[in-house]
Amino acid sequence: MARLNLWRWGALGLAGLYFLVPLAASVIFTVDVPGQGVTFDAYTQLLSADGFGSSLLLSLELAVATIVVVLLLTVPATVALRLGAARLRPVVEVVCALPLVVPPIAFVAGIVTVLKWGPDHLSRTPLFQTFVAIQNPDFPVVLVLAYVVLALPFVYRALDAGLGAVDVRTLVEAARSCGASWPQALVRAVLPNLRGALLNASFLTLALVLGEFTVARLLGFQPFAVWIVNVSGSNAQLSVAVSVLSLLVTWLLLLALAGAGGRSRTTASRG
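To keep things clear, this report deals only with the structure shown in the data block. (Residues numbered from 1 in each chain as written. Predicted model: local features only at pLDDT ≥ 70, side-chain atom pairs only at ≥ 80, totals over all residues. Heavy atoms only, no water.)

A look at the pattern of salt bridges
- All told, the structure shown has three salt bridges when counted by the stated rule.
- Between R89 and E93 there is a salt bridge, with its nearest N and O atoms 3.2 Å apart. Placement of the pair is R89 and E93 together in helix 4 (residues 89-101), with a separation of four residues, close to one helical turn.
- According to the relative accessible area criterion, R89 is partly exposed, its value standing at 26%.
- Residues D160 and R89 are paired through a salt bridge, measuring 2.9 Å at the closest nitrogen-oxygen approach. Of the two residues, D160 sits in helix 8 (residues 141-164) while R89 sits in helix 4, which places them 71 residues apart along the sequence.
- A residue is classified by how much of its surface remains accessible, and D160, at 11% relative accessible area, is buried.
- Residues joined by salt bridges that share partners form a network here, namely R82, R89, E93 and D160. (Salt bridge = Lys/Arg side-chain N within 4 Å of Asp/Glu carboxyl O. Helix = DSSP H or I, 4+ residues; strand = E, 2+ residues; numbered from the N terminus. Buried < 20%, exposed > 50% of the residue type's maximum accessible area, 1.4 Å probe, protein only.)

In structure tokens:
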């Protein structure tokens with residue numbers, strides 16, 4: 001047992017060094033300026049750069065909207081698969097896995113082709129304004145729809161694993177026998193037992209939205225990931241500072257989400 005613990009801690013230590021050493025080297029590179037000593041000018045320039053707050057806020061808004069939409073789509077679907085639509089499970093798994101095998105360039109090309117239908121074929125119909133509205137740069141709904149598709153494989157797997165550890169049929173039947181409707185059974189009986197799966201799905205979706213670059217850049221929008229690349233420029237120190245800051249922001253958001261989930265679990269257990 002002692003040898004097993006030693007190997008475990010050794011593996012964890014090597015993994016920690018693998019991630020922390022490059023990060024520490026990056027931080028040192030951004031703050032240690034030859035001839036000036038330690039300075040945080042790279043980070044102060046970055047935080048005061050034009051577009052930092054607006055791009056980060058846009059990414060957070062997109063992340064929240066994407067999490068809400070993808071969970072509203074996948075939670076009822078995965079519960080239905082467990083309750084009475086098991087034959088559709090292979091179909092759903094294939095559909096949810098498609099975003100992993102379709103190249104992002106091809107995915108964006110398809111989105112652009114669909115968006116061109118607005119001015120080309122729908123200019124005299126009420127749907128034209130819908131095509132215009134979903135491309136509003138202040139809040140591009142088209143990015144939310146694209147991110148929902150990209151997040152499907154990760155969200156589905158997280159929810160499927162969570163449902164696999166819960167006897168969904170018994171929970172729903174018990175709630176229904178107590179007079180609950182189907183929506184009430186889902187919200188009050190099933191979802192409280194899926195907090196971990198929902199939290200994991202939200203983690204993955206948040207990380208995906210904050211780090212996604214290809215779709216947003218090719219569609220002409222500027223969330224946080226695109227702003228990071230644009231602001232880096234030819235200044236190597238500023239470029240590395242941008243990468244460190246983006247990683248720090250992502251970690252802080254994930255920790256905040258984890259803390260919120262932990263507090264809700266504590267409150268529920270006390271109740």
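Digging into the environment of V69
- Along the chain, V69 falls in helix 3 (residues 52-83).
- Separated by 79 residues in the primary sequence, V69 and V148 place their C-alpha atoms 7.1 Å from one another.
- In this structure V69 touches V144 and V148, once residues within four positions along its chain are discounted. (Contact = heavy atoms within 4.5 Å.)

Concerning helix 9 (residues 168-177)
- Looking only at helix 9, the buried set comprises V168, V172 and A175. One face of helix 9 carries all of its buried residues, which in axial projection span an arc of 65°.
- Residues of helix 9 that are buried sit in contact with helix 3, helix 8 and helix 10 (182-190).
- Of the residues flanking the end of helix 9, it is G179, one or two places downstream, whose phi is positive at about 100°. (Arc of directions from axis to C-beta.)

Description of the packing of aromatic side chains
- The full count for this structure, using the stated rule, is four aromatic pairs.
- Seen in terms of ring centroids, Y18 and F19 are 5.3 Å apart; in terms of plane orientation they differ by 85°. Their pairing is edge-to-face. Comparing Y18 with F19, the two get one shared label, exposed.
- With a centroid separation of 5.9 Å and 15° between ring planes, the pair formed by F224 and W227 is classed as stacked. Taken as a pair, F224 and W227 lie in helix 13 (residues 224-232) at a separation of three residues, close to a single helical turn.
- Given the relative accessible area of 2%, F224 is considered buried. (Phe/Tyr/Trp six-rings, centres within 6.5 Å; stacked < 30°, edge-to-face > 60°.)

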